[in-house]
Amino acid sequence: MIYKQQNVGNTKYALGRNDLGYWLLKIADRKPSAYFLGLSFSHYYFNEIQNQPLIKDGVLKVEGSLVQIVKVPRHDDYSAIADGKMFKVNLRELMKDTDQDGYNDIFEKCFGLNPDDKDSDGDGVNDFTDINPMYRSEKNKFTELYEMLLPTYAGAPDFKKDPYHFEVFKTNCDYFHQINPEEYKVLFIPENEDKQSYYVRFTDVCDFGISKIRKNKEFPERFYINKWDSRSSTDYAAEYRNGKWELEMIGGIVI
Ligand SMILES: [Ca+2]
Ligand SMILES: [Ca+2]
Ligand SMILES: [Ca+2]
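These numbers come from a predicted model, not from an experiment. (Residues numbered from 1 in each chain as written. Chains lettered and ligands numbered in written order. Predicted model: local features only at pLDDT ≥ 70, side-chain atom pairs only at ≥ 80, totals over all residues.)

Engineer: Explanation requested: the overall build of the chain in the structure shown.
Structural biologist: Scanning the chain from N- to C-terminus turns up five helices and 15 strands. Counting the 255 residues in the chain, one finds 24% classified as buried. (Helix = DSSP H or I, 4+ residues; strand = E, 2+ residues; numbered from the N terminus. Buried ≥ 20, exposed ≤ 12 C-beta atoms within 10 Å, placed from the backbone.)

Engineer: It is not clear to me how unusual backbone geometry should be interpreted in this structure. Could you clarify?
Structural biologist: Keep in mind that most residues, glycine aside, have a negative phi and that most peptide bonds are trans. The residue D57 is not glycine, and still its phi comes out positive at about 50°. With respect to the helices, strands and loops of the structure, D57 is situated in the loop between β6 (55–56) and β7 (59–72). In this model, Q100 sits at a positive phi of 55°, which is unusual for a non-glycine residue. Counting through the fold element by element, Q100 comes out in the loop between α1 (91–95) and α2 (105–111). Judged by the 9 C-beta atoms lying within 10 Å of it, Q100 is exposed.

Engineer: I would appreciate a short explanation of the pairing of strand β4 (residues 31–36) in the present structure.
Structural biologist: Consecutive residues of a regular strand have side chains that alternate between opposite faces of the sheet. The pairing of strand β3 (residues 22–28) with β4 spans six bridges and is classified as antiparallel. Of the residues in β4, the one forming a bridge with I27 is P32. Between the end of β3 and the start of β4, which pair antiparallel, lie two residues, with D29 showing a positive phi angle near 50°. (Pairing = 2+ DSSP bridges.)

Engineer: When you look at the nonpolar core in this model, what are you seeing that I'm missing?
Structural biologist: It is characteristic of soluble globular proteins that their nonpolar side chains tend to be buried jointly. Among the nonpolar cores identified, the biggest contains 41 residues, and W23, L24, F36, C110, Y146 and I225 are the most heavily contacted of them. Looking at which domains feed residues into this core, each of domain 1 (2–95) and domain 2 (109–254) gives three or more. When sequence neighbours within four positions are dropped, the list of residues in contact with L24 reads Y13, L15, A34, Y35, L37, L60 and L94. (Core = buried A, V, L, I, M, F, W, Y, C linked by C-beta atoms within 7 Å. Domains from an automatic or database assignment. Contact = placed C-beta atoms within 7 Å.)

Engineer: I'm lost on the sheet that holds β4 in this one. Help?
Structural biologist: Whether parallel or antiparallel, the strands of a sheet pair through hydrogen bonds between backbone atoms. Strand order in this open sheet of four strands is β1-β2-β3-β4, and the pairing throughout is antiparallel. Of all strands in the sheet, those bounded by a partner on one side alone are β1 (2–8) and β4. Recorded for the sheet is a direction-independent mean angle of 20° between the axes of neighbouring strands. Judged from the five bridges that link them, β1 and strand β2 (residues 11–17) form a sheet pairing that is antiparallel. Each bridged residue has a counterpart across the sheet, and for N7 the counterpart in β2 is K12. (Axes fitted to C-alpha atoms, helices over the stretch in contact; angles between N-to-C directions.)

Engineer: What's the story with the domain arrangement of the chain in this structure? I'm lost.
Structural biologist: What the domain assignment lists for the chain is domain 1 (2–95) and domain 2 (109–254). Across the boundary between the two partners, domain 1 contributes 13 residues, which contact 11 residues of domain 2. Partitioning the side of domain 1 that touches domain 2 into residue classes produces five nonpolar, six polar and two charged. (Nonpolar A, V, L, I, M, F, W, Y, C, P; charged D, E, K, R; others polar.)

Here it is as C-alpha cells:
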C-alpha cells in the first residue's frame, strides 16, 4: 500500500506499508530503496490522505493518529486515542545504514538482524540478498519437514526478488531456524518476550506459525507437528520413510 508520493528535486519519495510495517520509499537515479520507520501499526495510524508535504527540511512528516488496536477475529479494529497528530522522523536517523547492507539500522534492530554487520549469520551472503539472513541454513530431515509445511503463495508475485517482503515466524526451534525457504525471505522472532525487540513485542507481524516437533515415545519414527494461520490450525503426524516425509492430517480446527 502506498500513501503519498512527493518529488524533491530528482528524488521521488513515497510512504508505504507492508506486513512488517511502514516504510519510506525512495527512488533516486532510478535506484529504489526503502527505509523502515519502526513505528508500529499497533500504535500509529497514518491518514490515507496526507495534506502536508511528506519531506521538508530533512524531516519526514506524517499526519495520523495514535491508536490502540482492538483485536476481533479475522481483522483488526482501530480505536483512536489521539487524532490529528503529526509524526516527525529525522531523515538522517531514518536512513542510517551503518553496515551499508541495504537495510537501515532501525529495521535491523526491530527484527533482530545485526546493524553493524552486513552478514548477520556469517554464511557469506549479505543480509539484503540472504533468503534467511538470521541463521545459517542446514540440510537435515527436520529442516526439510519445516520447509514442507511453509505457507505457499500460488500465482503470487515473486517475493524472492523483493528484499522487503518477509514471512516472520515466532520460534526458538533450531531446525526451523535453519530452513532454506524457496519462495520468500524469512525472519524469526524469539518466543521469550524479554528477548524480543520492543517493535515485535507490540506489533503482530506473524501470519503463520509452525510448532515444535514432538516425538512419539513408543514409535521413534513418528513425530507430531502443528501448523496454524489466521483461520485454521492443523495437526499432523509425520513419518520419515525412504528419505521422505509422509504427512497425515490427524486433527485441526477452522475458525
Ligand atoms: Ca544495515
Ligand atoms: Ca546487517
Ligand atoms: Ca548471511
